[in-house]
Every structure is written in structure tokens, then in C-alpha cells.
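Survey of secondary and tertiary structure
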Amino acid sequence: MNHVRIPGVLVVLAASMAIIGCGKKEEPKAAAPAPAPAAAAPAPAPKPEMVVKIGHVAPLTGPIAHLGKDNENGARMAVDDANAKKVEIDGKVIKFELLGEDDQADPKTGAVVAQKLVDAKVAGVVGHLNSGTTIPASAIYNQAGLPQISPSATNPKYTQQGFNTAFRVMANDIQQGSVVGTYAVKDMGAKKVAIIDDRTAYGQGLADEVEKAAKAAGATIVAREFTNDKATDFKAILTKIKAKNPDVVFLGGMDAVGGPMLKQMKELGIKAKFTTGDGGCSPELIKLAGPASEGVICSQAGLPPEKLPNGQKFLEDFTKKYGQIQIYSPYSYDAVMVLIDAMKRANSADPVKYLPEVGKTSYDGVTGKIEFDEKGDIKNGAITVFEIKDGKLVTLKSEGGSAPAK
């Protein structure tokens, strides 16, 4: 038998290869590298900002500074609320700034600060408080083409000048005087009425309207006296009035005059009921007159705070921030918001561009629906009659006013 001989070297080599092959571990495969993270989208560039100045004017010093500060606080809260919403106009985030000025309830000072606001390049003005300062200032704003909205000037002449820049967000004295004069006769039973005014545009203007309405309702005007808005001693004119034995005494003036006048009426034993308009229809009158204010009948050119259509949140926020509302702060708040609303609709804070939109306003404010007639007066303005009872203003009746759209 033939044997094939295999060389020993080959046998050894084959065995070695078999041993190596059987004992080799398979190395784990390296994990595939993680894909590189996608590049983050670039953050959007912040929108450019623009400062828009709104002027506000009221008496911040003097006898009715409390009313002026009330107005300014309403305007300031509107600016704060607008800034919190980050209003955008023409692709820019707007930061509104309120430039407040003190006109001291003086017509000459009012004209000076009006020009100051024009020079400061404000986009619009809320103010003034008094008719006597609002009317002369309105000519300056009109010449500059600046929208002006008064929250409290009620003399009809303000919007009868033909200025397309002049607006107001409350009823005027034709409406208020008619309600007060008629109420004195029809509801209070007055047959003889004595009238006093402070010779300001507001006081005299309202007194004139009350006289017309009282006469039309059948009363006789037994006295027509006047004082001034800085006076504190009224005994001379009150003594003359006492001799006429009126049923009702009406004051066309502010609470700073009405408070001491009421005290002096009581001291002189005048039994006539006392009535006054919105300038004296305030918590301050009660504070100044004390017990002599009990039973006073007064009016405001607007709805009472508790009946403001959108006003409950405003009342809560304002009271928490600034304390008790005097009279006009809700209207000052709305006046600022009407300017801003017109800017948004025009997509511009340039008075030349947004002024036409102010006249087209249809805005649901805290005081109700705000729309203007061709003169700049609010449509369907409200008048409310109050009585002071136990140191508080108690609503007797309201006329007019527009509810907001639902």
C-alpha cells in the first residue's frame, strides 16, 4: 500500500491555523458616527422700537389740583396698559410716553404749555381739564395739526370753532345744562331759582344753559350773581340771594368754590336746595363742605362709575393703583386709547396721517361706545344726576350714553 507523506511542516502549519481560526473573537463593529446636529434656525431679529409721545395737560397745582391729578392718572394708566400690549405700528413696537404739563387752570399758562407740547413733537394731546384753558389752547394745537381730545372740557364753544383737531369724550354743557335746569324745576319743584357762576368759560357757560332750561320749564330766575374761581368768601352775594328766598341755588363752578359756599349758606340759614354741575360733583366737595353737603343735587357729564359699560376692571385697577376716582379719570383713559386706536388704524403715529382716523372713531371704551359727530362732540353723551347722601354720591338718574358693541 502506498502512503502519501505529508511534510511535517505543513501539518504543523495547518494545525496552527486551525487553532488560531477557532479561537479568534470577532471585534465589535464601531458605531456609526452620530449625524451632526442641524444648524439652529437664526433667532428672528427683534423688531425696531419707536417712542411716541402723548401730551397731557391739567391743573396739577392750585385749588383743583386733585381733579387734574385724577385726569393725569387716568391717562398714565392708559399709556401703561398700551405699553404692556406692545402695540405695533408700521412694523415697529411702540413705546408710548406721557408728557404731563400743569396749566394751573389758567388760560395764559394753558397757551404756554400747549406751545411747549407742540415744540416737544408730541403726536397728540389729551386735555385740557378746564374749558377756559382748553379753548385757547385748541387754536395752538389746530395750527400745529395736532389731535386734541378733552376728557372734561364741556363748554360748547370748544367744538364750535371749526377745528378738525378738537374732540371731546363726554357730553357738553348744552346737554348738561338742559338736564340740570329741567330737573330743578320738574323733579325738585323749584319755582324760584338763584344762579351763581365763577366767570370761567365752564362755570358761566353751564350757568347760562341751566338758566335757559329752568326758564323753559317754568321757573323764575330771582338772582344771577357771580364770583371767581379763586374766591373763598361768598357771604355778600349769599346775603343778597337769601333776601330773594329762592327754592334752589345753582352754582356754575368747581368743588373748590362749592365747598366753602355750602358752609356759608348753612351759616346764613339759607334753606334753599343747592345744585351744581360736574365741576362740583366730586368726593372733594363732600370733604370740603362736610355735613353742609348733605342733600346737594349735582350732575356729571357721563355715566356713574358703577354703570360704566366696560368700567369695572378699570375701577378696580385704578383704585388699587391711585385711590378713589374723583370725576374724569375714566374719560382721560379713554381719550388716550382713542388716539392710539386711530394710530393703529392709520398704521402711523404721524398726526398728519392719523388725524383723519380720529374723526372716524368707533371705539369700545371703559366709558362706553365712543363715536364723534362732525364737530368732534361725542355722539349720545350721557348725563347723570346725583344726590349726596350720608357723605356719598348716590345716583338718581342717567340720560343718554352708548353701550359698547357686543
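Residues numbered from 1 in each chain as written. Predicted model: local features only at pLDDT ≥ 70, side-chain atom pairs only at ≥ 80, totals over all residues. Heavy atoms only, no water.

1. Thoughts on the packing of aromatic side chains
Rule in force here: Each aromatic pair joins two rings of Phe, Tyr and Trp (for Trp, the six-membered one) with centres within 6.5 Å, and gets the label stacked for planes under 30 degrees apart, edge-to-face for over 60, and tilted for any other angle. Two thresholds decide whether a charge sits over a ring: the Lys NZ or Arg CZ must be within 6 Å of the ring centre and within 35 degrees of the ring normal.
Overall, the coordinates contain four aromatic pairs when judged by the stated rule. One residue, Arg199, lies across the ring of Phe226, its end atom 4.4 Å from the ring centre.

2. So, the side chain of Glu211
The condition is simple: Under the scheme used here, helices are H or I runs from DSSP no shorter than 4 residues and strands are E runs no shorter than 2 residues, and both carry numbers assigned from the N terminus. Throughout this description, buried means an accessible area under 20% of the type-specific maximum (1.4 Å probe, protein chains only), exposed means over 50%, and partly exposed covers the range between.
Locating Glu211 in the fold gives a position in helix α6 (residues 201–216). Of the residues examined, Glu211 reaches a relative accessible area of 16% and is grouped as buried.

3. Observations concerning the packing of helix α3 (residues 107–119) against helix α4 (residues 131–144)
As a reminder, the rule being used: Lines fitted to C-alpha atoms define the axes here, with helix axes fitted over just the stretch in contact, and angles between the N-to-C directions of these axes take values from 0 to 180 degrees. An angle counts as roughly parallel when it lies under 35 degrees, as roughly antiparallel when it exceeds 145, as roughly perpendicular when it falls between 65 and 115, and as oblique in every other case. By the definition used in this description, the sense in which the near helix is turned from the far one sets the handedness, with an anticlockwise turn below a right angle giving left-handed and a clockwise turn giving right-handed. Residues are treated as being in contact if the distance between any of their heavy atoms lies within 4.5 Å. In this count, Pro and Cys sit with the nonpolar residues alongside Ala, Val, Leu, Ile, Met, Phe, Trp and Tyr, while Asp, Glu, Lys and Arg are called charged and the others, Gly among them, polar.
Where α3 contacts α4, the two axes come as close as 8 Å, and the packing angle between them is 30°. Classified by the interaxial angle, the pair formed by α3 and α4 is roughly parallel. In this structure, α3 crosses over α4, and the sense of that crossing is right-handed. Of α4, the residues touching α3 (which contributes Pro107, Gly110, Ala111, Ala114, Gln115, Leu117 and Val118) are Gly132, Thr133, Pro136, Ala137, Ile140, Tyr141 and Ala144. For the contact of α3 with α4, the residue count by class is ten nonpolar, four polar and no charged.

4. Quick word on the sheet that holds strand β9 (residues 248–252)
As a reminder, the rule being used: Whether two strands pair comes down to DSSP finding at least two bridges between them.
Strand order in the open sheet formed by seven strands is β8-β7-β9-β10-β11-β14-β15, and the pairing between neighbours is mixed. What marks the edges here is a single partner per strand, and that holds for β8 (220–226) and β15 (392–399). Looking at each pair of strands side by side, their axes are set apart by 25° on average, direction ignored. The pairing of strand β11 (residues 297–300) with strand β14 (residues 383–389) spans four bridges and is antiparallel. When the bridges of β14 are listed, Gln300 appears paired with Thr384. Its contacts with the sheet put helix α5 (residues 173–186) on β9, β11, β14 and β15, and the angle it makes with β14 is roughly 50°. Packed on one face of the sheet, helix α7 (residues 235–244) meets β7 (192–197), β8 and β9 and runs near 170° to β8.

5. Here we look at the layout of surface pockets
As a reminder of what qualifies: Buried and open spaces are told apart on a 1 Å grid over the protein atoms alone, a cavity being a set of points where a 1.4 Å probe fits but cannot get out and a pocket being an open set with protein on both sides within 12 Å along at least five of seven lines. Residues with an atom within 4 Å of a point are the lining residues. Grid points are joined across faces, edges and corners, and a volume is the space filled by probe spheres set on the points. How far each domain reaches was decided by an automatic or database domain assignment.
As a volume, the largest pocket reaches approximately 390 Å³. In terms of lining, the largest pocket is formed by 21 residues, of which the most central are Pro283, Pro305, Gln324, Ile325 and Leu393. Of all the secondary structure elements, the ones that give two or more residues to the lining of the largest pocket are α9 (283–289), α10 (312–322), α11 (329–346) and β15. Among the elements that make up the lining of the largest pocket, the one with the highest residue count is β15 (three residues). Partitioned by chemical class, the residues of the lining of the largest pocket number 13 nonpolar, six polar and two charged. Residues lining the lining of the largest pocket come from more than one domain, with at least three contributed by each of domain 1 (47–170 + 309–371) and domain 2 (173–301 + 383–399).

6. Thoughts on the pattern of salt bridges
Put simply, the rule reads: Salt bridges are identified by distance alone: a Lys or Arg side-chain nitrogen within 4 Å of an Asp or Glu carboxyl oxygen.
On inspection of all chains with the given rule, the structure shows 23 salt bridges. The residue Glu387 makes a salt bridge to Lys389 at a minimum N-O spacing of 3.9 Å. Looking at Glu387, the relative accessible area reads 16%, which means it is buried. Overlapping salt bridges bring together Asp197, Arg199, Asp208, Glu211, Lys215 and Arg224 as one network.

7. Here we look at the packing of helix α2 (residues 65–84) against α10
Where α2 contacts α10, the axes come no closer than 11 Å and their chain directions differ by 110°. The pairing of α2 with α10 is recorded here as roughly perpendicular in orientation. Between α2 and α10 the crossing geometry is right-handed. Contacts from Asp70, Asn73, Gly74, Arg76, Met77 and Asp80 in α2 reach Phe314, Asp317, Phe318, Lys321 and Tyr322 in α10. Of the residues that constitute the contact of α2 with α10, the class distribution is four nonpolar, two polar and five charged.

8. Topic: α6
Heads up, the condition is: Multiplying one less than the number of residues by 1.5 Å gives the expected span of a helix.
The terminal C-alpha atoms of α6, which comprises 16 residues, lie 23 Å apart, in line with the 22 Å expected from a rise of 1.5 Å per residue. Turning to α6, its buried residues number three or more, namely Tyr202, Gly203, Gly205, Leu206, Ala207, Glu209, Val210, Glu211, Ala213 and Ala214. Against the buried residues of α6 lie α4, α5, β7, β8 and β9. Just downstream of α6, Gly218 is the residue with a positive phi angle, here 110°.

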